[in-house]
Amino acid sequence: MRIANAIVLLLITAFLPTTLATQRIRFTPRPSQDDDLEISREDRFFVNALYARIDDLLSKEYNKYHEPYSTIKIREYRIRQELDQTLKKRETAQNYLKLKKGEEQELRKAINEARTPEEGVRLSKRLESVEQERKKTEDEANTLSASTTTLNDSLRAHRAMHFAEEKDLKAQANRVNKQKMALFYKRADFEIYKTHKTYVAFRDHLMKTASSMGLMCNVSIQSERNSVETKGAAIKYQKPEQRQFGRGLTPAYTAKCLTACSEEMNPSNYYIWTERDNKPTSDPERLYSITGASHTIRLQESPQP
């Protein structure tokens, strides 16, 4: 019986579910092989330059929405602030008015109960002064009440007039701000850890954002030999990943015109060179980081053999 119980216990132990604790005991994390890959200077320059361009464009887009939104909210704040101040002044005036009305009642009672004519004259003069103050305060309270009504109407009209616009501007500003923050965190990960994994995540996020924004680069390319412009060379360009993983199946791009030529290109690193008779006449291993709205590239052609 003891042997049977021991066998059952062993079987139960063998098939226990794997928990976080058992994972930590059974597995030792090993660094990814990708983390050992070197990030080239060109790759670092590319992501930093593209980040700067996208962040600048997003900042301008954010301001396009945030500035009019702020103008609306500042105007609303000023109306509300003026309304609050007016309400406080009205409340002060109304309290002072109650005080003067009470003082009037007390003086009239005192006049009726005056013991001498002189005392009655003195109290009557005081009553006259209090009545003037009460009328002045009453006028002020009425003016402040009218101002309160006007400001309340202005506040309601401002909100009604800008409700839809304010809502849309706020939503658009929040959307762009989320894009900026996502970029910031990807860049922070890359700058802190500097691994190939964080580089790829940063680069891919940049490329996805650039694509969603429709970013293109106008690249002016011309070839030279001994500082003299040459004509008639075909322009070829190719991304490093195409060259690395294409295995000859992905041909290089050919510009739509011969040198000198302007070509619309997606932001990326490119090998760019010239060819004549399907043979390279400039360095086909020269890598260029294309990130800005416009670039000018001069290719140095070698004499054909």
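All figures in this text were calculated on a predicted structure; none of them were measured in a lab. (Residues numbered from 1 in each chain as written. Predicted model: local features only at pLDDT ≥ 70, side-chain atom pairs only at ≥ 80, totals over all residues. Heavy atoms only, no water.)

Caption draft 1: Representation of the confidence of the model for the protein. The predicted model of the protein averages 87 in pLDDT, with 86% of residues at 70 or higher. Confidence drops under a pLDDT of 50 for residues 1–31, and excluding neighbours within four residues, the segment shows two contacts in the predicted structure. (pLDDT = per-residue confidence, 0-100. Contact = heavy atoms within 4.5 Å.)

Caption draft 2: Local environment of unusual backbone geometry. Here the bond from Thr259 into Ala260 is cis, since omega is -10°, no more than 30 degrees from zero. Following the sequence through the fold, Ala260 ends up in the loop between β4 (253–254) and β5 (261–265). Phi at Lys194 is positive, roughly 50°, even though this residue is not glycine. Mapped onto the secondary structure, Lys194 falls in the loop between α4 (117–193) and α5 (196–212). For Asn278, which is not glycine, the phi torsion reads 65° and is therefore positive. Tracing the backbone through its elements, the reader meets Asn278 in the loop between β6 (268–276) and β7 (279–280). (Helix = DSSP H or I, 4+ residues; strand = E, 2+ residues; numbered from the N terminus.)

Caption draft 3: Region of the structure containing α4. For α4, which comprises 77 residues, the first-to-last C-alpha distance of 98 Å sits more than 12% below the rise-based estimate of 114 Å (1.5 Å per residue). A maximum bend of about 55° is found in α4 at His162. (Expected span 1.5 Å × (residues − 1). Bend = angle between axes of the 7 residues up to and from the residue.)

Caption draft 4: Molecular detail of the state of the cysteines. What the rule picks out here adds up to one disulfide. Here Cys257 is linked by a disulfide to Cys261, with a sulfur-sulfur distance of 1.9 Å. Measuring handedness by torsion sign, the sulfur bridge of Cys257 and Cys261 sits at about 100° and is right-handed. On the accessibility criterion, Cys257 (28% relative accessible area) is partly exposed. Accessibility expressed as a relative area gives 4% for Cys261, which makes it buried. (Disulfide = S-S within 2.5 Å. Buried < 20%, exposed > 50% of the residue type's maximum accessible area, 1.4 Å probe, protein only.)

Caption draft 5: Structural view of the nonpolar core. Ranked by size, the top nonpolar core spans 20 residues in total, and within it Val47, Ile54, Leu183, Phe190, Phe202 and Leu206 carry the most contacts. Contributions of two or more residues to this core are made by α3 (41–112), α4 and α5. Leaving out residues up to four positions away in the same chain, Phe202 has contacts with Val47, Tyr51, Leu183, Lys186, Arg187 and Phe190. The next biggest cluster of nonpolar side chains, apart from the first, holds 14 residues, and it includes Val219, Cys261, Ile297 and Leu299. (Core = buried A, V, L, I, M, F, W, Y, C linked by side-chain atoms within 4.5 Å.)

Caption draft 6: Broad picture of the layout of surface pockets. The computed volume of the largest pocket comes to approximately 440 Å³. Together, 18 residues line the largest pocket, and Asp43, Tyr199, Arg203, Glu241 and Gln244 are the ones closest to its centre. Residue assignment for the lining of the largest pocket shows that the elements contributing at least two residues are α3, α5, α6 (240–245) and β6. Here the lining of the largest pocket is built from residues that sort into nine nonpolar, five polar and four charged. (1 Å grid on protein atoms, 1.4 Å probe; cavity = no way out; pocket = protein on both sides within 12 Å on 5 of 7 lines; lining within 4 Å. Points joined across faces, edges and corners; volume = space filled by probe spheres on them. Nonpolar A, V, L, I, M, F, W, Y, C, P; charged D, E, K, R; others polar.)

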